[in-house]
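Residue-level structure breakdown
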Amino acid sequence: MRIEPNGVGELMEALKGAMKEANKAVLKANISLLADLAEAMGAPVKTYTKKCFVPMLYNLSDKQSLVRDEVISCMNKWAEAIGAETVVTYACA
């Protein structure tokens, strides 16, 4: 794909912390960035599933529909990158 997985550990750690952001506009931008990274990295993004994808799933219960829609869009891009089975496994856990 377009982004190598080497050297993005700090970015993913920052995105993990950003999943608790109170500002919904910033939260949506972070979720969108996570989706773009999954699309650009492809299958190697699977190594960051527990670090970033799982904390992002907690935002499915957000009261704003725009945030929930962004999470669903991100889930779809991760499913394309790492496989739907993995996404469903983490979403159901």
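A few points on the structure. Bear in mind that the values here come from a model prediction, so they are computed numbers and not experimental data.

1. Considering helix H2 (residues 24-41)
Across its 18 residues, H2 extends 25 Å between first and last C-alpha, which sits within 8% of the 26 Å expected from 1.5 Å per residue. In this fold, the buried residues of H2 make contact with helix H1 (9-18), helix H3 (49-57) and helix H4 (65-82). Two or three places before Ala 25, at the start of H2, stands the capping residue Asn 23, its side-chain oxygen 3.1 Å from that residue's backbone nitrogen. Where H2 ends, the next residue or the one after it, Gly 42, has phi of about 80 degrees, a positive value.

2. Let's talk about the nonpolar core
Core analysis: the largest hydrophobic core is formed by 25 residues, its most contacted members being Met 12, Ile 31, Leu 34, Val 45, Met 56 and Trp 78. Looking at this core, the elements with two or more residues in it are H1, H2, H3 and H4. In this view, Ile 31 contacts Met 19, Met 56, Asn 59, Val 67, Glu 70, Val 71 and Cys 74; residues no more than four positions away in its chain are not counted.

3. Here's the deal with the packing of aromatic side chains
One pass over the full model with this rule turns up one aromatic pair. On the numbers, 5.0 Å between centres and 35 degrees between planes, the contact of Phe 53 with Trp 78 is tilted. Separated by 25 residues along the polypeptide, Phe 53 in helix H3 and Trp 78 in helix H4 bring together distant segments of the chain. Accessibility expressed as a relative area gives 0% for Phe 53, which makes it buried. Residue Trp 78 is classed as buried on the basis of its relative accessible area, which comes to 0%.

Cut-offs used in this document
Residues numbered from 1 in each chain as written. Predicted model: local features only at pLDDT ≥ 70, side-chain atom pairs only at ≥ 80, totals over all residues. Heavy atoms only, no water. Helix = DSSP H or I, 4+ residues; strand = E, 2+ residues; numbered from the N terminus. Expected span 1.5 Å × (residues − 1). Contact = heavy atoms within 4.5 Å. Polar contact = N/O pair within 3.5 Å; in protein donor to acceptor, adjacent residues only side chain to side chain. Core = buried A, V, L, I, M, F, W, Y, C linked by side-chain atoms within 4.5 Å. Buried < 20%, exposed > 50% of the residue type's maximum accessible area, 1.4 Å probe, protein only. Phe/Tyr/Trp six-rings, centres within 6.5 Å; stacked < 30°, edge-to-face > 60°.

Everything listed is a geometric property; what it means functionally is a separate question.
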